[in-house]
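# Results of the structural survey
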Amino acid sequence: MTTNIYEEEFKVEGGDFMNVGTASTTLKSSLEMVGIPSSITRRASIIAYEVEMNLVIHAGGGIIRSLVSTDKLMILAIDEGPGIPDIDLAMQEGYSTASDAIRELGFGAGMGLSNMKRNADVLKINSEMGKGTSVEAIIYFTENTEWRK
Amino acid sequence: MKINTLLSKFTFQVFSKGDQQRELTGVVIADLLSFVMGQANPGEVWLTVQNHLNVAAVAVLKEIPMIILPSGRIPSTDLIQRCIAENITLCSSSRTSYDICIMINEVGFDR
C-alpha cells in the first residue's frame, strides 16, 4: 500500500532571476530532513531547479509541488504561462527561446528539459498554448533504496 | 586535496571561507548553469565567470564546496553573503581558468 510521507508546495514568481533556486534549495533541505537518500535527493534537486528556472524565465511564475510516498518521489510544476509550442523541439539539448540578456547570466542553455528527463524515471509534459504547462516528474524508490535515519 | 591545501599553496582572494577541511574531488569549468546542473559531481571545485547569486544556489544543489572566479572577476555582494551562509568557499584569482587548473593539477587529487 502506498502511503504519503511528505508534501510541500512552493510559489515561484516570474522574472525573479536573482532568486531562482530558492524553491529547489529549500526542497533539497526538506528531502534531506525526511531521510531521502543522497542519490535520489541529488536527482530531485536537478529536476526541481530546472522546473523552477522554466517557471521564472518562461512561464511568468507558477507552483512547484513535491510529494513523497513510500514508493516514489513526485515533482509537479504547474503554470499559466504561454505554453510550449513544440515539446519535441524543446526537449532537444541546446534549443532555447531565452533572450540574450538571460543567456548572459548563464541561463537558457537549452539543457533544462533534457536534465529533467535524464534524472526522472518518468517525465510527463502537457502544454496548451495560451493556457499553460504542467510538468510531472517521478523518481521511483527501489528495494535497494536505503533511507537515511 | 583539501580546500585549505590549495589555498595555502597559491594566492587567491577569499571572499567566503567555507569549510576548508572539505575534500575536493575534481574540477568543473562552465558558465552555463544548466550545464553544471547536468554535469558537475559532488565535491568538485567550480570555475566560472558568473558572479551572481544563482551560482550559490547551483553550488548548494550540486554539493559543490568551492567556487573560483578567474581572470580577476569579483563576486557580487549577494553571492558572497549566500556563500558565507551556505558554508561554501568563494575566491577569485587574477589568473585565467587555464592557469588555475594547472595550479590545481600541481597539488593533485587523492584518487
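Here's a quick rundown of the structure. Since the model is a prediction, treat every value here as computed from it, not as a measurement. (Residues numbered from 1 in each chain as written. Chains lettered and ligands numbered in written order. Predicted model: local features only at pLDDT ≥ 70, side-chain atom pairs only at ≥ 80, totals over all residues. Heavy atoms only, no water.)

### What about the overall build of chain B?
If you tally the helices and strands in chain B, you get five helices and five strands. Walking chain B from its N terminus toward its C terminus, one meets helices and strands in the order α-β-β-α-β-α-β-α-β-α. Scaling as 2.2 N^0.38, a compact globule of 111 residues should have a C-alpha radius of gyration of about 13 Å, and chain B matches this with 12 Å. For chain B, the residues scored as buried account for 50% of the 111 residues in total. Entry remark: accessible area of chain B is about 4800 Å², with carbon and sulfur atoms responsible for 47%. Here chain B contributes 9 positively and 10 negatively charged side chains, and the mean placements of these two sets differ by 2 Å. (Helix = DSSP H or I, 4+ residues; strand = E, 2+ residues; numbered from the N terminus. Rg over C-alpha atoms; globule rule 2.2 N^0.38 Å. Buried < 20%, exposed > 50% of the residue type's maximum accessible area, 1.4 Å probe, protein only. Areas by Shrake-Rupley, 256 points an atom, 1.4 Å probe, with all protein chains shown as cover. Lys, Arg positive; Asp, Glu negative; His and termini not counted. Charge placed at Lys NZ, Arg CZ, Asp CG, Glu CD.)

### Comments concerning the overall build of chain A
Along the backbone of chain A there are five helices and five strands. Along chain A, from the amino end to the carboxyl end, the secondary structure elements read β-α-α-β-β-α-α-α-β-β. Rg of the C-alpha trace for chain A: 15 Å, near the compact-globule value of 15 Å for 149 residues, within the 12% margin. Projected onto the principal axes, the alpha-carbon positions of chain A cover approximately 45 × 30 × 25 Å.

### A look at the side chain of S34 of chain B
Mapped onto the elements, S34 of chain B comes out in helix α2 (residues 33–39). Its relative accessible area of 3% is what places S34 of chain B among the buried residues. For S34 of chain B, the contacting residues outside a window of four places in its chain are E50, M53, G106, A109, M111, G112 and N115 of chain A. (Contact = heavy atoms within 4.5 Å.)

### Here's the deal with the sheet that holds strand β3 (residues 72–79) of chain A
Residue and element names in this part refer to chain A. Spatially, the five strands line up as an open sheet ordered β1-β2-β3-β5-β4, and their pairing is antiparallel. Where the open sheet ends on each side, the last strands, each with one partner, are β1 (4–13) and β4 (122–128). Averaged over all neighbouring strand pairs, the angle between strand axes comes to 10 degrees, with direction disregarded. Taken together, the nine bridges between β1 and strand β2 (residues 61–69) define a ladder with antiparallel strand orientation. Within β2, the residue paired with V12 across the bridge is G62. Along the sheet, helix α2 (residues 38–59) contacts β1, β2, β3 and β5 (132–140); its crossing angle with β3, the most-contacted strand, is approximately 5 degrees. Each of β4 and β5 is contacted by helix α5 (residues 112–119), which is oriented at about 145 degrees to β4, the strand it contacts most. (Pairing = 2+ DSSP bridges. Axes fitted to C-alpha atoms, helices over the stretch in contact; angles between N-to-C directions.)

### What to know about the pattern of salt bridges
Scanning all chains against the criterion turns up 12 salt bridges over all chains. Where K11 of chain A meets E13 of chain A, a salt bridge forms, and the shortest distance between an N and an O atom there is 3.3 Å. Residue classification places K11 of chain A among the exposed positions, given a relative accessible area of 62%. Here D71 of chain A ties to K72 of chain A by a salt bridge, and the two come within 3.8 Å at their closest N and O atoms. Taken together, the shared-partner salt bridges connect K28, E32 and R42 of chain A together with E63 of chain B into one network. (Salt bridge = Lys/Arg side-chain N within 4 Å of Asp/Glu carboxyl O.)

### Quick word on the interface of chain A and chain B
Counting residues at the interface gives 24 residues for chain A, matched by 20 residues for chain B. Roughly 1700 Å² of surface becomes buried between chain A and chain B when both sides are summed, with 58% attributable to carbon and sulfur atoms. The three residues of chain A that bury the most area against chain B are M18, T25 and Y49 of chain A, which together make up 27% of that side's buried surface. Where E63 of chain B meets R42 of chain A, a salt bridge forms, and the shortest distance between an N and an O atom there is 2.8 Å. On the surface where chain A and chain B come into contact, there are eight residue pairs in polar contact (both at pLDDT 80 or more). Breaking the side of chain A that touches chain B down by element, the ones donating at least two residues are α1 (22–34), α2 and α5 of chain A. With six residues, the top contributor of residues to the side of chain A that touches chain B is α2 of chain A. Considered class by class, the residues forming the side of chain A that touches chain B number 10 nonpolar, eight polar and six charged. (Buried area = accessible area lost by both parts, 1.4 Å probe. Polar contact = N/O pair within 3.5 Å; in protein donor to acceptor, adjacent residues only side chain to side chain. Nonpolar A, V, L, I, M, F, W, Y, C, P; charged D, E, K, R; others polar.)

### Here we look at the packing of aromatic side chains
Residues and elements named next belong to chain A. For the structure shown, the criterion picks out one aromatic pair over all chains. Judged by centre distance (6.0 Å) and plane angle (40 degrees), the rings of F17 and F107 are tilted. With F17 in the loop between β1 and α1 and F107 in the loop between α4 (100–104) and α5, this residue pair connects regions lying 90 residues apart in the sequence. Residue class for F107 comes out buried when judged on its relative accessible area of 1%. (Phe/Tyr/Trp six-rings, centres within 6.5 Å; stacked < 30°, edge-to-face > 60°.)

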